[in-house]
Amino acid sequence: MTEALISAAQHVFSPGPLLAMLLMIPVSLFSGLMPGGHLPVAVVILGFAGYLDPWIAVTVIVFHMAANDITENVPSILLGIPGSRSAQATVLDGYPMAQKGLAGVALGASYTCEMVGGLIGAVALFLVLPVARELLRLFGSAEFFLLSFMAILAVAVVSAGAFVKGMLTAALGLAIALIGSSPIGGVVRANLGIDYLWDGVRLGPVVVGLFAIPEMMALVIANISIAGEHLDTMLRNSKRDVYRGMLIALRHWWLLVRSSLIGVFVGALPALGGTEAHWISYAYARQVEKGARETFGKGDVRGIIAADAPNNSVDGAVLIPTVVFGIPGSAGMAILMAVLILSGIQPGPAMLERHLDLTLGLVIIVALGNIVTTPIMLLFAPYVARMVTVPPHILAPIVVGVVTLSAFQATNSIGDLVLVLGFTALGVFMKRYGWPRPPILIAVVLAEPLEKYLWLSLNTYGVSMLARPQFLILCGIMVSLIAMSISLSKLQRPMAEPDRSLTGVESDRHPGEKIAEAVEAGDQLRPAAYRLREEGSRHRRISMEAIGEIVLLAMTGAFFAYMFWQSFSWPTGAWLMPRIAILFGIPFWVARLAALFRPTTDSRAEIMDTGFWLGSDPKGEWIRFVQISGWIVLLYVAIWMFGFHLALPIGVFAYLYTYGRAGWFLSSVVSLAFLAFIVGVFDLLLHITWPEPVVSMWRLSLF
């Protein structure tokens with residue numbers, strides 16, 4: 001073992017891998033900063049794997065994975081846009097902190113957790129490798145299915161007070177994720193007759209539509225920057241806030257270590273990984289941390305610690321099933337496996353014997369990815385945090401342009417943009433009427449392993465899987481969490497008054513700072529459905545909210561009915577999971593519909609989401625809503641007609657110059673930057689195949 005470790009260190013610190021890491025630092029940082037997605041770097045490297053030294057190819061992929069995860073929290077905290085995998089739960093507390101002018105604190109705490117968690121994951125990988133095979137044999141497909149289901153049901157814990165809505169949207173997300181070709185039975189399920197949906201719903205368009213664009217629309221409608229009234233405080237304290245966040249994270253050392261270990265445990269289970277780890281960690285912390293049930297989701301720094309610590313500890317853990325059993329621990333590990341195979345190395349038990357030095361080299365690379373990247377991000381964090389000060393009419397078109405390109409990478413089809421528009425409409429509707437959106441995202445991510453492991457369990461164990469001790473223990477934990485969530489939802493106090501707490505930050509403020517005042521003002525950022533205007537009677541206001549929810553429930557019920565009816569034409573393996581999702585959701589659908597007609601209904605329950613500003617200028621808000629939504633639709637139509645190269649730069653220029661009042665020079669610079677980005681990255685680097693526009697240049701030349 002010692003000889004292999006020395007050999008691994010010699011290889012990792014040789015010129016080739018070191019140069020590869022140096023080149024990957026800017027790529028990884030930029031990739032993670034892209035809201036709603038990231039550059040497919042691992043896929044690009046896969047194309048060259050056969051020509052690269054195995055140490056260089058493996059270094060590029062593993063280092064990029066570790067470094068990229070550290071930067072994914074930036075859009076989650078600053079823009080309220082979840083990362084593609086590892087920063088989904090971060091948005092729940094990170095974005096409210098940015099709205100309160102505490103973006104620096106959130107970033108400092110997040111980066112510290114990422115680095116410590118990554119190091120814990122690397123150490124855990126080193127210690128567990130000798131006994132990993134025996135540990136993983138305790139779990140079978142039944143336990144993997146239950147762990148995936150537990151991660152989805154984590155919404156029941158983190159949305160206490162909106163339990164019914166959380167469960168219903170989780171069922172809806174699961175049903176949506178099951179659209180398309182079934183891995184069991186080979187049939188196409190509920191694709192609404194649309195060829196694009198044969199391969200299902202992609203994660204990129206879902207993230208962009210549900211979160212990225214609605215958040216930008218919310219900023220424009222409110223006509224105020226993300227930091228709101230706290231610009232002066234944030235600008236003055238941005239650098240100091242980053243170091244405060246670091247100290248606060250270290251003071252909560254037990255939460256940090258515990259959350260990291262949860263990431264190690266869940267990440268070591270095949271095909272699970274980061275998404276499940278940070279939601280389970282967040283849900284558990286919300287239950288056991290003092291006062292967390294009242295503060296999580298409203299800007300509690302402990303929520304960031306619980307969500308971010310597992311994100312990098314899981315990077316070391318997902319390597320365990322990959323190298324020990326040859327079972328990829330995540331999508332990124334599937335690509336790593338392909339690279340190893342193309343390099344003549346077969347992942348699995350033999351790899352621990354014949355290539356132990358390469359296996360241990362992975363541990364060193366994971367640690368280096370965290371050690372090198374975190375100080376860089378901490379150095380630039382005060383400047384990155386200033387993004388929240390950018391006026392919304394300047395920030396919105398730039399972010400919409402970037403996430404549009406991110407979403408297009410799903411299939412390189414115009415259908416990606418149509419799907420974005422559909423989920424944008426759903427996201428705006430849910431955001432406006434106080435329906436939590438994260439459960440849909442969780443369900444879309446976990447639907448595939450959930451269905452696969454359910455089918456394997458039924459075929460392998462049958463009914464006897466219910467008698468497995470491991471299964472019963474996990475089932476007991478799951479039932480206890482749900483029961484606890486239901487009881488807490490009954491005791492949850494209504495959010496009639498602003499919550500003025502910010503656990504972990506207010507108590508650690510510098511002498512003389514007025515953080516409490518900033519928090520008090522920032523807590524006006526409650527979801528729009530729960531910050532109702534004062535004019536008119538309460539009965540009228542609740543009735544208006546009920547009408548919106550009835551429309552949403554009608555759409556959900558119609559989709560459930562359509563999929564259930566279609567399922568009778570599918571083979572057993574294909575209809576099993578869709579029917580489970582629908583039957584799981586129907587009781588919550590009925591409960592929510594009945595609640596709307598009860599006169600005592602109090603819709604001011606907590607939701608794990610962020611909402612719209614509602615001010616005193618409804619006419620202005622409506623005008624800005626029409627402006628931003630109309631521009632987005634016109635932009636996408638223009639892309640379809642004229643292509644990205646022409647429509648996107650001109651569309652961004654038009655918005656900045658017209659609504660942003662940025663002037664022709666700044667508008668031109670941003671527009672040309674978009675064109676350079678499209679040509680440089682997507683044409684020259686990634687060689688993207690663009691769809692043929694309706695009005696192509698050769699047709700224009702005819703005139």
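On a predicted model such as this, the values are computed, not experimentally measured, just so you know.

### What to know about the overall build of the chain
Turning to step 1, where the next piece is worked out: Of regular secondary structure, the chain possesses 31 helices and two strands.
Turning to step 2, where the next piece is worked out: For the chain, the proportion of contacts with a sequence separation of at least 24, taken over those separated by at least 6, is 81%.
Turning to step 3, where the next piece is worked out: With an accessible surface of roughly 26,900 Å², the chain has 69% of that area assigned to carbon and sulfur atoms.

### What to know about the side chain of Asp308
Turning to step 1, where the next piece is worked out: Positionally, Asp308 belongs in helix H16 (residues 301-317).
Turning to step 2, where the next piece is worked out: The class for Asp308 is buried, based on a relative accessible area of 0%.
Turning to step 3, where the next piece is worked out: Among the polar contacts listed, one links the side chain of Asp308 to the side chain of Thr90, at a separation of 2.5 Å.
Turning to step 4, where the next piece is worked out: The residues touching Asp308, leaving out its near neighbours within four places in the chain, are Asn73, Thr90, Ser110, Cys113 and Glu114.

### Some details on the environment of Val128
Turning to step 1, where the next piece is worked out: Here Val128 lies in helix H7 (residues 103-128).
Turning to step 2, where the next piece is worked out: Judged by its relative accessible area of 21%, Val128 falls in the partly exposed class.
Turning to step 3, where the next piece is worked out: It is 8.2 Å that separates the C-alpha atoms of Val128 and Ile320, two residues lying 192 residues apart in sequence.

### Notes on the packing of helix H10 (residues 163-177) against helix H27 (residues 572-596)
Turning to step 1, where the next piece is worked out: Contact geometry of H10 with H27 gives a least axis separation of 8 Å together with a crossing angle of 150°. Viewed along their axes, H10 and H27 adopt a mutual orientation that is roughly antiparallel. Considering how the two elements wind past one another, H10 and H27 form a crossing that is left-handed. Residues Phe163, Val164, Lys165, Met167, Leu168, Ala171, Leu174 and Ala175 of H10 touch H27, and the partners they reach there are Met577, Ala581, Phe584, Gly585, Phe588, Trp589, Ala591 and Arg592.
Turning to step 2, where the next piece is worked out: Residue composition of the contact of H10 with H27, by class: 13 nonpolar, one polar and two charged.

### With respect to helix H1 (residues 2-12)
Working note: α-helix, 3.6 residues per turn, so residues spaced by three or four point in the same direction.
Turning to step 1, where the next piece is worked out: All of the buried residues in H1 are Ala4, Ser7, Ala8 and Val12. With its buried residues spanning 130° around the axis, H1 presents them on a single face. Pointing more than 90 degrees away from the buried face of H1 are the exposed residues Thr2, Glu3 and Gln10.

### Brief notes about H27
Turning to step 1, where the next piece is worked out: Taking 1.5 Å per residue as the helical rise, H27 with its 25 residues ought to reach 36 Å, and the 36 Å between its terminal C-alpha atoms agrees with that figure.
Turning to step 2, where the next piece is worked out: Of all bends in H27, the biggest is about 25°, found at Ile586, and the proline Pro587 comes one to four residues later.

### A closer look at the environment of Val123
Turning to step 1, where the next piece is worked out: Tracing the backbone shows Val123 in helix H7.
Turning to step 2, where the next piece is worked out: Here the alpha-carbon distance between Val123 and Val366, two residues 243 residues apart in the chain, equals 9.8 Å.

### Quick word on the confidence of the model for the chain
Turning to step 1, where the next piece is worked out: Taken over all residues, the pLDDT of the chain has a mean of 75, while the share at 70 or more is 72%.
Turning to step 2, where the next piece is worked out: Here residues 506-542 is modelled with pLDDT under 50, and outside its nearest four sequence neighbours on either side it reaches 82 contacts, counting other chains as well.
Turning to step 3, where the next piece is worked out: Predicted confidence is poor over residues 698-703, with pLDDT under 50, and the contacts of this stretch with residues over four places away or in other chains come to four contacts.

### Some thoughts on a nonpolar patch on the surface
Turning to step 1, where the next piece is worked out: Taken together, the side chains of Val633, Val637, Trp640 and Val694 define a hydrophobic patch exposed on the protein surface, amounting to about 320 Å² of accessible area.
Turning to step 2, where the next piece is worked out: Looking at the element boundaries, Trp640 is found in helix H28 (residues 618-642).
Turning to step 3, where the next piece is worked out: What makes Trp640 partly exposed here is its relative accessible area of 44%.

### Thoughts on the packing of aromatic side chains
Turning to step 1, where the next piece is worked out: Tallied over the entire structure, the rule returns 16 aromatic pairs.
Turning to step 2, where the next piece is worked out: Aromatic side chains Phe149 and Phe584 sit 6.0 Å apart centroid to centroid with 70° between the ring planes, which places their arrangement in the edge-to-face category. Of this pair, Phe149 sits in helix H9 (residues 141-158) while Phe584 sits in helix H27; the two residues are 435 residues apart in sequence, bridging distant segments of the chain.
Turning to step 3, where the next piece is worked out: In this structure an aromatic cluster arises from ring pairing among Phe408, Phe644, Phe677, Phe682 and Trp690.
Turning to step 4, where the next piece is worked out: Seen from the ring of Phe568, Arg579 lies directly overhead, with NZ or CZ sitting 4.3 Å from the centre.

### Details of the side chain of Glu451
Turning to step 1, where the next piece is worked out: Summarising the element assignment, Glu451 is placed in helix H23 (residues 438-460).
Turning to step 2, where the next piece is worked out: In this structure Glu451 comes out as buried when scored by relative accessible area, which is 4%.
Turning to step 3, where the next piece is worked out: Excluding its chain neighbours within four sequence positions, the residues that come into contact with Glu451 are Leu178, Ser182, Pro183, Ile184, Arg189, Gly573, Ala574 and Met577.

### Topic: the packing of H7 against H16
When two helices pack together, their arrangement is given by the angle between the helix axes and the distance between those axes.
Turning to step 1, where the next piece is worked out: Two numbers describe how H7 lies on H16: the axes approach to 6 Å, and their chain directions differ by 35°. As for how H7 packs across H16, the hand of that crossing is right-handed. Counted together, Ala106, Ala109, Ser110, Cys113, Glu114, Gly117, Gly118, Gly121 and Leu125 of H7 and Val301, Ile304, Ile305, Asp308, Ala309, Asn311, Asn312, Ser313 and Gly316 of H16 form the full contact between these two elements.
Turning to step 2, where the next piece is worked out: Taken together, the residues that form the contact of H7 with H16 break down as eight nonpolar, eight polar and two charged.

### Quick look at unusual backbone geometry
Turning to step 1, where the next piece is worked out: Even without being glycine, Ala190 reaches a positive phi, approximately 45°.
Turning to step 2, where the next piece is worked out: Among the structural elements, Ala190 can be located in the loop between strand S2 (188-189) and helix H11 (203-222).

### Observations concerning the environment of Phe564
Turning to step 1, where the next piece is worked out: Assignment of secondary structure puts Phe564 in helix H26 (residues 538-566).
Turning to step 2, where the next piece is worked out: By relative accessible area, Phe564 is classed as partly exposed at 28%.
Turning to step 3, where the next piece is worked out: Taking the C-alpha atoms as reference points, Phe564 and Ala175, separated by 389 residues in sequence, lie 9.9 Å from one another.
Turning to step 4, where the next piece is worked out: When near neighbours in sequence (up to four residues on either side) are disregarded, Phe564 contacts Arg579, Ile582 and Leu583.

Scoring rules and cut-offs
Residues numbered from 1 in each chain as written. Predicted model: local features only at pLDDT ≥ 70, side-chain atom pairs only at ≥ 80, totals over all residues. Heavy atoms only, no water. Helix = DSSP H or I, 4+ residues; strand = E, 2+ residues; numbered from the N terminus. Contact = heavy atoms within 4.5 Å. Areas by Shrake-Rupley, 256 points an atom, 1.4 Å probe, with all protein chains shown as cover. Buried < 20%, exposed > 50% of the residue type's maximum accessible area, 1.4 Å probe, protein only. Polar contact = N/O pair within 3.5 Å; in protein donor to acceptor, adjacent residues only side chain to side chain. Axes fitted to C-alpha atoms, helices over the stretch in contact; angles between N-to-C directions. Parallel < 35°, antiparallel > 145°, perpendicular 65-115°, else oblique. Left-handed = near helix turned anticlockwise from the far one by under 90°. Nonpolar A, V, L, I, M, F, W, Y, C, P; charged D, E, K, R; others polar. Arc of directions from axis to C-beta. Expected span 1.5 Å × (residues − 1). Bend = angle between axes of the 7 residues up to and from the residue. pLDDT = per-residue confidence, 0-100. Patch = residues over 30% accessible without salt bridge, like charges linked within 9 Å, V, L, I, M, F, W, Y side chains within 5 Å. Salt bridge = Lys/Arg side-chain N within 4 Å of Asp/Glu carboxyl O. Phe/Tyr/Trp six-rings, centres within 6.5 Å; stacked < 30°, edge-to-face > 60°. Lys NZ or Arg CZ within 6 Å of the ring centre and 35° of its normal.

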